[in-house]
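Here are the chains, one letter per residue:
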Amino acid sequence: MEHKWWHGKTAYQIYPKSFCDSNGDGIGDLQGIISKLDYLEQLGVEIVWLSPVYCSPLADQGYDISDYYNIDPRFGTMEDMEALIAQAKQRGIGIVMDLVVNHTSDEHEWFRKACQDPDGKYGKYYYIRDWHEGEPLPCNWRSYFGGPCWDKLPGHEDKLYLHVFHKKQPDLNWENPEVREEIYRMINWWLDKGLAGFRVDAIINIKKKLPFSDYPVDREDGLSSIGHMLDDATGVGSFLDEMAQRTFRRYDAFSVGEVFNEKDEELPRFLGDNGYFSTMFDFAENGLGKSPKGWYDAKPVTPEEYKRACFHSQRRVADVGFLSNIIENHDEPRGVSHYLPQGDCFPASKKMLGGLNFFLRGIPFLYQGQEIGMENFQYRSVAEVDDISALDEYQVSLNAGLSEEEALATISQFSRDNARSPFQWDSSPNAGFTTGTPWMKVNPNYLHINLASQREDPNSVWNFYRTLIQLRRNPKYHHTIVYGALTPYLPEQENLMAYCRHSEHQTLLVLGNFQRQPQTVPLPAPVIQTLINNLDALHLDGDVLHMDGYQFLVLEL
Ligand code: GLC
Ligand code: CA
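Reading guide: rules and limits
- Residues numbered from 1 in each chain as written.
- Chains lettered and ligands numbered in written order.
- Predicted model: local features only at pLDDT ≥ 70, side-chain atom pairs only at ≥ 80, totals over all residues.
- Heavy atoms only, no water.
- Pairing = 2+ DSSP bridges.
- Helix = DSSP H or I, 4+ residues; strand = E, 2+ residues; numbered from the N terminus.
- Axes fitted to C-alpha atoms, helices over the stretch in contact; angles between N-to-C directions.
- Buried < 20%, exposed > 50% of the residue type's maximum accessible area, 1.4 Å probe, protein only.
- Polar contact = N/O pair within 3.5 Å; in protein donor to acceptor, adjacent residues only side chain to side chain.
- Contact = heavy atoms within 4.5 Å.
- Core = buried A, V, L, I, M, F, W, Y, C linked by side-chain atoms within 4.5 Å.
- Expected span 1.5 Å × (residues − 1).
- Donors = N, O, S within 2.8 Å, 3.2 Å for Na, K, Ca; no water.
- Near = heavy atom within 4 Å.
- Areas by Shrake-Rupley, 256 points an atom, 1.4 Å probe, with all protein chains shown as cover.
- Phe/Tyr/Trp six-rings, centres within 6.5 Å; stacked < 30°, edge-to-face > 60°.
- Lys NZ or Arg CZ within 6 Å of the ring centre and 35° of its normal.

A. Looking closely at the sheet that holds strand 22 (residues 544-547). Ordered by their spatial adjacency, three strands build an open sheet running 19-22-21, and the pairing between neighbours is antiparallel. The open sheet terminates on both sides in strands that have one partner only, identified here as strand 19 (519-522) and strand 21 (539-541). Averaged over all pairs of adjacent strands, the angle between strand axes in this sheet comes to 25°, irrespective of strand direction.

And the structure:
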């Protein structure tokens, strides 16, 4: 496998709206991020992905872009963006932006023009179909945020447009070469500014199975999940290859795909040498427990399922390429609230979960607040909900017969708002995120979970994450941690998640006791030294290790 500049890095996702507000309007912004660059450098991350900061009506929090060439004034200016790129670079940090090109905002100039003249140039930028009241829709796909993915084209009673996400996110027609040209031009324009690369949003959706047709109905709403269509669609690869060729590869840029539904045999083309992307997120764990019926029907994830999903993904890509490993992002609940058994969310277990994910082969992507162990947010009423996906799932839960209280409890568990509450910097009002009124409430637990107090405490979750990152950067272990093979160790031993990372002259054993009870683990070879331990003690009896509940260790063998 060819070595790349980004292989050895640790990445960090910022959700700009909730990271740091520099001017007191309650909304995080680019100057706020700039003011935290020293912090990011100190943490040790070298790639920073920003969720979208382009002009947007924020119907889906910036994933609905109305101008790809400008920064939304709420986030700052183009000068701020350029300053961020330059100042990050001085600290050895590459800035990665979000690339949202499956759809635009309905307020994008292209869509406005398409509405004015559906038969003209811009009408062909989207999927627009003739339709008359009473006729069936062109197809029965359910949009990701609920309801049919067809809506009336504004200003036209007899035309529909396609949106696989929210109705304010009309899908771009990638079959049209002019659309693709516009997109490549925009990507290169940004790369010319010195951007390190892109996180590529929802990209698998750009290929539609045409002509539009129905798939099996899978809920009482009479609609069909987009997943059925995606399984059936072929040919996304030619778009992706063209995009990589015309943009990323020319700049040796980093690209991380948000890809679901890829088929095993496609993996080498997606993320092998010269693949469509540098890497792709591993969503195997995030998908666990989910139900096609909706969030209300989801099952808690057990440690055994978590382990098997990680190992399965590792096996799939073993020699092919690099995954990007996460426990959470802006679309998921907080990993510690989601994957740790109920009642077991405390510093030691948070560290174990973080450590187990961090040393998987691939690029670790931390999400803002993960490094201080931020937890889910408890709603008190549905009026507090911002996430459009959660609002839809609330309705789905009620329709399925849940009480309002139960529906609220369900969405509290899964809402994307869980990850979007403001970063908890310190114990001052609003956790030091803003001097004004935050756009979203701060998690009341900020008084005991915040960065300032964790900096002081050598045993904090934050200092633990710094240790993880430093070990990955340590030249003595870097090669093994980055390129070493991964072999599951005692995968059948219940609630033990353990794996070896080995290169020619080195073996590291990573172990997590994923339960409250202690357990005993025979070691495959003598221990040379303990590199990381999330607890004080190490009970080693010859080649038998007695692990305490939620103990996490990295041993050099
Ligand atoms: C991706 C984003 C998500 C957004 C969606 C539509 O899944 O991560 O936040 O809602 O795409 O752009
Ligand atoms: Ca602001």
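B. Region of interest: the side chain of N513. Along the chain, the position of N513 falls in strand 18 (residues 506-513). A relative accessible area of 0% means that N513 is categorised as buried. At a separation of 2.9 Å, a polar atom in the side chain of N513 contacts the main-chain carbonyl oxygen of D548. For N513, the contacting residues outside a window of four places in its chain are M352, N495, P518, Q519, M547, D548, G549, Y550 and Q551.

C. Structural detail: the nonpolar core. Y12, M81, F198 and F359 are the most contacted members of the largest nonpolar core, which has 154 residues in total. In this structure, Y489, L496, L545 and L553 belong to the second largest nonpolar core, which totals 13 residues.

D. Looking closely at the sheet that holds strand 6 (residues 128-130). With antiparallel pairing, the three strands of this open sheet are ordered in space as 6-9-8. In this open sheet, the two strands that pair with only one neighbour each are strand 6 and strand 8 (150-152). Shown here is a sheet whose adjacent strand axes are inclined to one another by a mean of 35°, direction ignored. In terms of strand pairing, strand 8 meets strand 9 (residues 159-162) through three bridges, oriented antiparallel. Note on strand 9: the bridge partner recorded for W150 is L162.

E. Quick look at helix 12 (residues 347-358). With 12 residues, helix 12 extends 16 Å between its outermost C-alpha atoms, agreeing within 8% with the 16 Å of an ideal straight helix rising 1.5 Å per residue. In terms of burial, helix 12 is largely enclosed, as 11 of its 12 residues are buried. If you check which residues of helix 12 are buried, you get A348, S349, K350, K351, M352, L353, G354, G355, L356, N357 and F358.

F. Region of interest: the coordination of the calcium ion (ligand 2). At the metal site, the calcium ion (ligand 2) is ligated by D21 (OD), N23 (OD1), D25 (OD), I27 (O) and D29 (OD), and these contacts range over 2.2 to 2.3 Å. Residue classification places N23 among the exposed residues on the basis of a relative accessible area of 52%.

G. Layout of the site of ligand 1. Around ligand 1, a shell composed of 14 residues is seen, among which D60, D201, E258, H330 and D331 lie nearest. In this structure, D201 approaches ligand 1 through a side-chain N or O atom, which is 2.8 Å from an oxygen atom. Interatomic distance of 2.4 Å between a side-chain N/O atom of D331 and an oxygen atom of ligand 1. Within the complex, 95% of the 310 Å² of free accessible area of ligand 1 lies under protein.

H. Broad picture of the packing of aromatic side chains. A complete count under the given rule lists 44 aromatic pairs for this structure. Measuring from centroid to centroid gives 5.7 Å for F145 and F165, while their planes differ by 55°, and the two rings are tilted. In this pair, F145 is assigned in the loop between strand 7 (141-142) and strand 8 and F165 in the loop between strand 9 and helix 5 (177-191), connecting sequence segments 20 residues apart. Summarising the burial analysis for this pair, F145 and F165 share the class buried. One Lys or Arg, K17, reaches over the ring of W439 and ends 3.9 Å from the middle of that ring. Positioned over the ring face of W425 is K36, at 3.9 Å from the centre of the ring.

I. Here's a closer look at the environment of L267. By the element assignment, L267 lies in helix 9 (residues 267-271). Classification of L267 as buried rests on a relative accessible area of 3%. Taking the C-alpha atoms as reference, L267 lies 22 Å from K9; in sequence the two are 258 residues apart. The contacts of L267, once residues within four sequence positions are left out, are E262, G272, M280, R316, V317 and V320.

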